[in-house]
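Secondary and tertiary structure notes
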Amino acid sequence: MANTTDLPPPAQTSVPAEAVTALYRAHALGLIRLAVVMLGDRPAAEDVVQEAFCGLYRRWYSLSDTGKALSYVRSSVINGCRSVLRRRPRQAGLAGDPPGESAESAALISEEHRQVLTAIRRLPNRQREVLVLRFYLDLDEAEIARSMRISRGTVKSTTSRALAALGRILGEVS
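Residues numbered from 1 in each chain as written. Predicted model: local features only at pLDDT ≥ 70, side-chain atom pairs only at ≥ 80, totals over all residues. Heavy atoms only, no water.

As for the side chain of Arg128
Rule in force here: Helix numbers and strand numbers start at the N terminus; a helix is a DSSP run of H or I with at least 4 residues, a strand a run of E with at least 2. When a residue's accessible area, from a 1.4 Å probe over protein chains only, is under 20% of the maximum for its type it is buried; when over 50% it is exposed; and in between it is partly exposed. His is not counted here, nor are the chain ends, while Lys and Arg score as positive and Asp and Glu score as negative. Note on definitions: salt bridges are taken to be side-chain nitrogens of Lys or Arg within 4 Å of carboxyl oxygens of Asp or Glu. Between N or O atoms, a polar contact is any pair within 3.5 Å; within protein, one atom must be a potential hydrogen donor and the other a potential acceptor, and residues adjacent in sequence are included only when both atoms are from side chains. The criterion used for residue contact is that any of the two residues' heavy atoms lie within 4.5 Å.
Considering the arrangement of structural elements, one finds Arg128 in helix H7 (residues 125-136). The side chain of Arg128 sits in the buried core without any salt bridge; Glu129 is the nearest counter-charge, 6.0 Å away. A polar atom in the side chain of Arg128 sits 3.0 Å from the backbone oxygen of Leu123. Sequence-distant contacts of Arg128, that is, excluding residues within four places in its chain, are made with Val37, Met38, Leu85, Ile120, Arg121 and Leu123.

Details of the packing of aromatic side chains
How we decide: Side-chain rings of Phe, Tyr and Trp, where Trp is taken by its six-membered ring, are said to pair if the distance between their centres is within 6.5 Å; with planes under 30 degrees apart they count as stacked, over 60 as edge-to-face, and otherwise as tilted. For a Lys NZ or an Arg CZ to count as sitting over a ring, it must be within 6 Å of the ring centre and within 35 degrees of the ring normal.
One pass over the structure, following the stated rule, counts one aromatic pair. On the basis of an interplanar angle of 75° and a centroid distance of 5.0 Å, the ring pair of Tyr24 and Phe53 is categorised as edge-to-face. With Tyr24 in helix H2 (residues 15-39) and Phe53 in helix H3 (residues 42-58), the pair connects residues that are 29 residues apart, well separated along the chain. Above the plane of the ring of Phe135 lies Arg134, whose end atom (NZ or CZ) is 5.3 Å from the centre.

Thoughts on the nonpolar core
Keep this limit in mind: As used in this record, nonpolar core signifies buried Ala, Val, Leu, Ile, Met, Phe, Trp, Tyr and Cys residues forming a set joined through side-chain atoms within 4.5 Å.
If you look at the biggest cluster of nonpolar residues, it comprises 43 residues, and the most contacted ones within it are Leu39, Phe53, Leu56, Val73 and Val77. Contributions of two or more residues to this core are made by H2, H3, helix H4 (69-95), helix H6 (111-122), H7, helix H8 (141-148) and helix H9 (152-173). Sort the elements by how many residues they give to this core and H2 lands first, with ten residues. Not counting the four nearest positions on each side in its chain, Val73 is found in contact with Leu23, Leu31, Ala52, Phe53 and Leu56.

Quick word on the packing of H2 against H3
For clarity, the cut-off: In this description, a line fitted to the C-alpha atoms serves as the axis of each element, helices being fitted only across the stretch in contact, and the angle between N-to-C directions of two axes falls anywhere from 0 to 180 degrees. Should an angle fall under 35 degrees it is called roughly parallel, over 145 degrees roughly antiparallel, and 65 to 115 degrees roughly perpendicular, with every other angle called oblique. Handedness of a crossing follows from how the near helix is turned relative to the far one, being left-handed for an anticlockwise turn of less than a right angle and right-handed for a clockwise one. Residue classes follow a fixed rule: Ala, Val, Leu, Ile, Met, Phe, Trp, Tyr, Cys and Pro count as nonpolar, while Asp, Glu, Lys and Arg count as charged, and any other residue, Gly among them, counts as polar.
Packing of H2 against H3 brings their axes to within 8 Å, and their N-to-C directions diverge by 150°. Classified by the angle between their axes, H2 and H3 sit roughly antiparallel to one another. As for how H2 packs across H3, the hand of that crossing is right-handed. Here Pro16, Ala17, Val20, Leu23, Tyr24, Ala28, Leu31, Ile32, Ala35, Val36 and Leu39 of H2 lie close against H3, whose contacting residues are Arg42, Ala44, Ala45, Glu46, Val48, Val49, Gln50, Phe53, Leu56 and Tyr57. Split by residue class, the contact of H2 with H3 holds 18 nonpolar, one polar and two charged.

Considering the pattern of salt bridges
Applying the stated criterion across every chain yields a total of five salt bridges. We note a salt bridge from Glu51 to Arg58, for which the minimum N-O separation is 3.0 Å. Notably, a salt bridge pairs Asp138 with Arg134, separated by 3.4 Å at the nearest N-O pair. Look at Arg134 and you get partly exposed, because its relative accessible area is 30%.

This is the structure:
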């Protein structure tokens, strides 16, 4: 006969699965969009988001506050994007250029939006992250600071520098 203390209580067995599934249904698309803007590559973005949710599921019982699970996943997505971007220069020499935009995708995005996305991708990583979190996900400074693990002051100064740089880049395109 199995020792019942070795098994989690029946009510808790499905809690992480249900909670992570609900969070995934509510936020996965937005997080994929965030990762696409950061990476410029939808398959890689989907992989990063999927891995972030898998990590949340694996670590559910070690979270200090399960109410902050979305913040945890968002941070994981940002960190996953950073990892992908760090690996790209090494892979670029081996695999060539990243896959091009599909005809369908190109038709859906207006020229103006493509110019803005291209300009955002030219920004340094931290500046790009701050702008995407602020203006794409509509997070406030405190949420951005928590997600990126930086101070609110750094969020403010980085946002200011990023907007100035974005203006210069877009001015060159015009």
